[in-house]
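# Coordinate analysis (summary)
Chain residues, written in single-letter form:
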Amino acid sequence: MNQPSVIVIGAGVIGSSLAAELTRRGSTVTIVDAAEAGSGTSSATFAWINGNDKSPEAYSLLNFLGVQAYEREAQRGGRWFHQTGMIQVAQSEKEAQKLEGNVARIAWGEYGARLLTRDEVLELEPSLNPMNVVAGAIYPREGWVDVETMCHTLLDRAVQSGATFFPFRTVSEIGQNYVITVDADGHTSRIDADLVVVAAGNGTRSILATAGIDFPLLDPSQNTDAAGEPESSVGIISTTGRVDSGVRHFIRASGIALRPARNGGITFADHPTGGKWAKTDPQIWTVPGVLLERARELYPALRDVAVESVHLGTRVLPKDGLTIADWVDEGRSIYTVATHSGVTLAPHLAAAVADELLGGSRHASLAPFGLARFATV
Ligand SMILES: Cc1cc2nc3c(=O)[nH]c(=O)nc-3n(C[C@H](O)[C@H](O)[C@H](O)COP(=O)(O)OP(=O)(O)OC[C@H]3O[C@@H](n4cnc5c(N)ncnc54)[C@H](O)[C@@H]3O)c2cc1C
């Protein structure tokens, strides 16, 4: 049976995963990106793969489906998922008590979360400074992803199976069954297909506006937290040079999260301190140094290494913070995927969205993540 032809706008982790899945199923796919593959938010992500401590439960479960999709891909030879397991380190009795609640909340036995004694933490992660460990918990199915390798491998896979990739072409207009692109020299072209999928991260809202669609994605400059206070959607991801740090697992502790990096160094993030920074605030550049000091308190072997690169990323945030994966027009020719936690979700969303595009009916796991929830009565 002939599959519909599809234009995928955006070659980030979502668009690359979807393009590979659609070509695998026999669709003729054209991918368009305003820049290079994987250069948007997917280049400035912490890439923690998890279904941990997210709400509501349907969203947590959707993320867990992402974890399981990575496990299946790894069994088929995918080289980008590093399933190190995540250890949450409690540095005080109070934090240890809180951890008990966290572990109890992830009640699904198959997730495998369990509490660790101080000795168990140090046995699993012997380079941790023992002075900083009171207890811990392990989440063995979590890990991190080398997103650059993932995006490029999946896109190559799609192209080798017959897809066409146009980098450096900005989509300036979309409609039912077509997109208009502009290249670096200002030349415009029209591409036609049966279906259009918008997977353009923070570019999604303006692309859909050209088709008269008001898409409920937050303007990154106008986020607020639960208390209504301004909150930045900017996150800071720092990576050190190559170092024999002894970091084996993905580690979370008070005020820092860190993990091994693809260059042999350590990548660390601003969790949970960075939420209030604006991208233009010069103070933002003090964050990597402060976090490196925190990391050194945990891992003395980081004493002589410096930060080698810093990425500022802007989160892709639907208005309620949850994934949107749905048709945006009544004619069902334009589909949109916009989400935070997109690295965790990408392999599952690729399969579920491909089911919807090619099969027609709503995928059960996506039922809570449609546009109907934003409808005003
Ligand atoms: C600091 C930070 C930390 C994060 N940590 C995690 C984490 O630990 N775990 C996790 O799962 N997720 C995490 N995320 C979220 C995750 O990175 C994103 O959800 C994911 O990268 C989004 O991927 P995407 O493909 O939708 O968007 P993008 O990667 O932004 O890709 C969209 C692409 O569309 C292109 N585009 C945009 N507009 C146009 C246009 N008009 N024409 C053509 N192309 C266009 C862009 O060039 C871009 O390449 C984090 C995000 C940030 C910012």
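Residues numbered from 1 in each chain as written. Predicted model: local features only at pLDDT ≥ 70, side-chain atom pairs only at ≥ 80, totals over all residues. Heavy atoms only, no water.

## Some remarks on the site of the ligand
- Of all residues adjacent to the ligand, which total 34 residues, the nearest are Asp33, Ser42, Val171, Gly342 and Thr344.
- Here an oxygen atom of the ligand sits 3.3 Å away from a polar atom, N or O, in the main chain of Ala47.
- Note that an oxygen atom of the ligand is positioned 2.8 Å from one of the backbone N or O atoms of Gly342.
- Contact with the protein chains covers 92% of the free accessible surface of the ligand, which is 1,000 Å².
- Put simply, the parts of the chain that give the shell around the ligand at least two residues each are α1 (13-24), β10 (169-175), β14 (234-240), β18 (307-314) and α8 (342-359).
- Partitioned by chemical class, the residues of the shell around the ligand number 14 nonpolar, 17 polar and three charged.
- Here the shell around the ligand spans two domains, since at least three of its residues come from each of domain 1 (6-46 + 147-217 + 319-374) and domain 2 (84-142 + 222-314). (Near = heavy atom within 4 Å. Polar contact = N/O pair within 3.5 Å; in protein donor to acceptor, adjacent residues only side chain to side chain. Areas by Shrake-Rupley, 256 points an atom, 1.4 Å probe, with all protein chains shown as cover. Helix = DSSP H or I, 4+ residues; strand = E, 2+ residues; numbered from the N terminus. Nonpolar A, V, L, I, M, F, W, Y, C, P; charged D, E, K, R; others polar. Domains from an automatic or database assignment.)

## Re the packing of α1 against helix α5 (residues 147-160)
- Running from amino to carboxyl end, α1 crosses α5 at an angle of 30°, the nearest separation of the two axes being 8 Å. Here α1 is positioned roughly parallel relative to α5, judged by the angle of their axes. The way α1 lies across α5 gives a crossing that is left-handed. Residues Val13, Ser16, Ser17, Ala19, Ala20 and Thr23 of α1 touch α5, and the partners they reach there are Val147, Met150, Cys151, Leu154, Leu155 and Ala158.
- Residues of the contact of α1 with α5, tallied by class, amount to nine nonpolar, three polar and no charged. (Axes fitted to C-alpha atoms, helices over the stretch in contact; angles between N-to-C directions. Parallel < 35°, antiparallel > 145°, perpendicular 65-115°, else oblique. Left-handed = near helix turned anticlockwise from the far one by under 90°. Contact = heavy atoms within 4.5 Å.)

## Some points on α1
- In this model α1 runs 17 Å from its N-terminal to its C-terminal C-alpha over twelve residues, within 8% of the 16 Å that 1.5 Å per residue would give.
- Among the twelve residues that make up α1, eleven are buried, leaving the element largely enclosed by the rest of the structure.
- Of the residues making up α1, those classed as buried are Val13, Ile14, Gly15, Ser16, Ser17, Leu18, Ala19, Ala20, Glu21, Leu22 and Thr23.
- Next to the buried residues of α1 lie β1 (6-9), β2 (29-32), α5, β13 (195-198), β20 (334-338) and α8.
- Phi turns positive, to about 100°, at Gly26, one or two residues after α1. (Expected span 1.5 Å × (residues − 1). Buried < 20%, exposed > 50% of the residue type's maximum accessible area, 1.4 Å probe, protein only.)

## Section: the domain arrangement of the protein
- Assigned domains within the protein: domain 1 (6-46 + 147-217 + 319-374) and domain 2 (84-142 + 222-314).
- Just the C-alpha atoms count here: the centres of domain 1 and domain 2 sit 31 Å apart.
- Contact with domain 2 buries area across many residues of domain 1, yet Ala44, Phe46 and Glu148 alone supply 69% of it, more than any other trio.
- If you look at where domain 1 meets domain 2, you find one salt bridge.
- With its nearest N and O atoms 3.3 Å apart, the salt bridge here joins Glu148 to Arg262. (Buried area = accessible area lost by both parts, 1.4 Å probe. Salt bridge = Lys/Arg side-chain N within 4 Å of Asp/Glu carboxyl O.)

## Some words on the nonpolar core
- Of all hydrophobic cores here, the largest spans 67 residues; its most connected members are Leu22, Tyr139, Val145, Tyr335 and Leu357.
- With nine residues, the single largest contributor to this core is α8.
- Both domains that meet at this core, namely domain 1 (6-46 + 147-217 + 319-374) and domain 2 (84-142 + 222-314), each give it at least three residues.
- Formed by 27 residues, the second largest nonpolar core is a distinct cluster that contains Ile87, Leu128, Val243 and Tyr299. (Core = buried A, V, L, I, M, F, W, Y, C linked by side-chain atoms within 4.5 Å.)

## Here we look at the pairing of strand β7 (residues 135-139)
- Summarising burial for β7: five of the five residues are buried, a large majority.
- Burial along β7 is two-sided: the residues Ala135, Ala137 and Tyr139 and Gly136 and Ile138 are all buried.
- Sheet topology places strand β5 (residues 86-90) next to β7; five bridges connect them, and they run antiparallel. If you follow Gln88 over to β7, its bridge partner there is Ala137.
- Note: strand β6 (residues 114-116) against β7, three bridges, orientation antiparallel. In the strand pairing of β7, Leu115 is matched with Ala137. (Pairing = 2+ DSSP bridges.)

## Looking at the sheet that holds β10
- Pairing is antiparallel across the open sheet formed by three strands, whose spatial order is β10-β11-β12. Across the chains shown, the open sheet's two edge strands, defined by having one partner strand only, are β10 and β12 (188-192). On average, each strand axis in the sheet is tilted by 25° relative to the strand beside it, whichever way the strands run.
- Pairing analysis gives six bridges linking β10 to strand β11 (residues 178-183), with the strands arranged antiparallel. What sits directly across from Ile174, in β11, is Val179.

## Remarks on unusual backbone geometry
- For the bond running from Ser55 to Pro56, omega is 0°, close enough to zero to count as cis.
- Relative to the helices and strands, Pro56 resides in the loop between β3 (48-49) and α2 (57-75).
- Although it is not a glycine, Ala47 adopts a positive phi angle of roughly 60°.
- Tracing the chain through its elements places Ala47 in the loop between β2 and β3.
- Residue classification places Ala47 among the buried residues on the basis of a relative accessible area of 4%.

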